[in-house]
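Breakdown of the fold
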Amino acid sequence: GDTFIDPEDPQFADLRVTYTYYHDSGLLASKTLAAADGSRNIYYHYVNENWQARGYGRMDVAVRLLPDSGGARAYKYQYYYGTDKVQRVYSYSGANRTDPNSPVLSGMLKAIEYFYDASGNVVGDRTYWTSGVNAGKAYERQFTGGQWRTTKSIDRNTGEIFTMAY
């Protein structure tokens, strides 16, 4: 049957999604899920903007229920100015969502910077590792011939730079 939740006495266990809004603009600030979604995330935070008149902004933080295979629990997104093209993604091992409008991320693991062609397709990326076994290393890749190829490896610990030619 139908479930009725009395607004005077809500049963929080019945809630599926919790939304918060920016006080100044009234736009969506965050969305917290009761269970992980298809992307295995339980929390999303949005930029305080009315992106393309859709009523909320571009996503700038996502938090997973469990860490991914690289230990990342949260991701922060930055976009190329005036676009919805991701410029950088930072991954973190920790996320404090005590204030859902202002998540605090900690333990940065790596940063990935993306490059696009004139048509908006990803054609390259650069990964910077800040912790773990790859700390201090960077890798550049290009998407050519239908596959990703590592084109440069940089080790800031030893000063070694390797350039690969295909």
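Criteria and cut-off values
- Residues numbered from 1 in each chain as written.
- Predicted model: local features only at pLDDT ≥ 70, side-chain atom pairs only at ≥ 80, totals over all residues.
- Heavy atoms only, no water.
- pLDDT = per-residue confidence, 0-100.
- Helix = DSSP H or I, 4+ residues; strand = E, 2+ residues; numbered from the N terminus.
- Contact = heavy atoms within 4.5 Å.
- Pairing = 2+ DSSP bridges.
- Axes fitted to C-alpha atoms, helices over the stretch in contact; angles between N-to-C directions.
- Polar contact = N/O pair within 3.5 Å; in protein donor to acceptor, adjacent residues only side chain to side chain.
- Salt bridge = Lys/Arg side-chain N within 4 Å of Asp/Glu carboxyl O.
- Buried < 20%, exposed > 50% of the residue type's maximum accessible area, 1.4 Å probe, protein only.
- Phe/Tyr/Trp six-rings, centres within 6.5 Å; stacked < 30°, edge-to-face > 60°.
- Lys NZ or Arg CZ within 6 Å of the ring centre and 35° of its normal.

Examining the confidence of the model for the protein
Looking at the protein, pLDDT values average 88 and 90% of them are 70 or higher. Summarising per-element confidence for the protein, the mean pLDDT is lowest in strand 11 (residues 160-163) (85) and highest in strand 5 (residues 74-79) (98). Taken as a whole, residues 1-5 scores under 50 in pLDDT and shows four contacts with residues more than four places along the chain or in a different chain.

Quick look at the sheet that holds strand 6 (residues 86-96)
Across the sheet, 11 strands lie side by side as 1-2-3-4-5-6-7-8-9-10-11; this open sheet has antiparallel pairing. Of all the strands in the sheet, the pair left with one neighbour each is strand 1 (17-21) and strand 11. Strand-to-strand twist in this sheet, taken as the mean axis angle between neighbours without regard to direction, amounts to 20°. Sheet analysis places strand 9 (residues 137-144) next to strand 10 (residues 147-155), joined by eight bridges and oriented antiparallel. Note that in strand 10 the partner of glutamine 142 across the bridge is arginine 149.

A few points about the environment of aspartate 37
Along the chain, the position of aspartate 37 falls in the loop between strand 2 (28-33) and strand 3 (41-46). For the pair aspartate 37 and arginine 64, spaced 27 residues apart in sequence, the C-alpha to C-alpha distance is 9.1 Å. Only 2.4 Å separates the side chain of aspartate 37 from the side chain of tyrosine 44, close enough to count as a polar contact.

Considering the pattern of salt bridges
Scanning all chains against the criterion turns up five salt bridges. The partner of arginine 126 in a salt bridge is glutamate 113, with the nearest N and O atoms 3.5 Å apart. Taken together, the residues arginine 126 in strand 8 (residues 122-129) and glutamate 113 in strand 7 (residues 104-116) connect sequence positions 13 residues apart. A relative accessible area of 22% places arginine 126 in the partly exposed class.

Overview of the packing of aromatic side chains
On inspection of all chains with the given rule, the structure shows three aromatic pairs. Residues tyrosine 46 and tyrosine 56 carry aromatic rings whose centres are separated by 5.5 Å and whose planes lie at 75° to one another, so their mutual orientation is edge-to-face. Here the residue tyrosine 46 occupies a position in strand 3, and tyrosine 56 occupies one in the loop between strand 3 and strand 4 (59-64), the gap between them amounting to 10 residues. Owing to a relative accessible area of 29%, tyrosine 56 belongs among the partly exposed residues under this scheme. A cation over a ring is seen here: arginine 58 above tryptophan 51, with NZ or CZ 4.2 Å from the ring centre. Seen from the ring of tryptophan 148, arginine 141 lies directly overhead, with NZ or CZ sitting 4.2 Å from the centre.

Structural notes on the environment of serine 93
Within the element layout of this structure, serine 93 appears in strand 6. Assessed through its relative accessible area of 39%, serine 93 is described here as partly exposed. Residues serine 93 and arginine 73 lie 20 residues apart in sequence; the distance between their C-alpha atoms is 5.0 Å. Residues in contact with serine 93, not counting those within four places in the same chain, are Gly71, Arg73, Ser106, Gly107 and Leu109.

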